[in-house]
Amino acid sequence: MTTANTSETENECPAEGLLKLLSGKWKPQIFLLAVNGPLRFNGLLRELKGANKQSVATALRELEDFGILDKKVVRLKPLHIEYHLSEKGASLVPVFKQLEIFSRV
């Protein structure tokens, strides 16, 4: 008996990785808000009804680790951190716009 010698990654749908990347609590909402401009942590807590600090911090860290968001320390008083869509994150915007158009049909 022979078995196919294919790895798991060869059998994965290419979109599956992207969907896993943006799945999870608050990540889709944070991505959507980042499309409109820079984000600050406390602003996110106000925008995301029902969110807590830990879940938002985890989502931001994961989006940053995946290269979707860039973190920038703004050295003005008061010192604060802003999150912006990275080049990689901005490249996903047309994909989601097409999905939005498709979902209306």
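Residues numbered from 1 in each chain as written. Predicted model: local features only at pLDDT ≥ 70, side-chain atom pairs only at ≥ 80, totals over all residues. Heavy atoms only, no water.

(A) Representation of the side chain of E82. Counting through the fold element by element, E82 comes out in strand 2 (residues 80-85). Here E82 occupies a buried position and makes no salt bridge, while the nearest side chain of opposite charge, R40, is found at 5.2 Å. For E82, the side chain forms a polar contact with the side chain of H84, separated by 3.4 Å. In contact with E82, other than residues within four places in its own chain, are P38, L39, R40, D70, K71, K72 and V74. (Helix = DSSP H or I, 4+ residues; strand = E, 2+ residues; numbered from the N terminus. Buried < 20%, exposed > 50% of the residue type's maximum accessible area, 1.4 Å probe, protein only. Lys, Arg positive; Asp, Glu negative; His and termini not counted. Salt bridge = Lys/Arg side-chain N within 4 Å of Asp/Glu carboxyl O. Polar contact = N/O pair within 3.5 Å; in protein donor to acceptor, adjacent residues only side chain to side chain. Contact = heavy atoms within 4.5 Å.)

(B) Summary view of the packing of aromatic side chains. This structure, assessed with the given rule, holds 1 aromatic pair. Arranged with centres 5.3 Å apart and planes meeting at 50 degrees, the rings of F31 and F96 form a pair that is tilted. Here F31, found in helix 3 (residues 27-35), pairs with F96, found in helix 7 (residues 93-104); they are 65 residues apart in sequence, far enough to count as distant. Residue F31 is classed as buried on the basis of its relative accessible area, which comes to 7%. (Phe/Tyr/Trp six-rings, centres within 6.5 Å; stacked < 30°, edge-to-face > 60°.)

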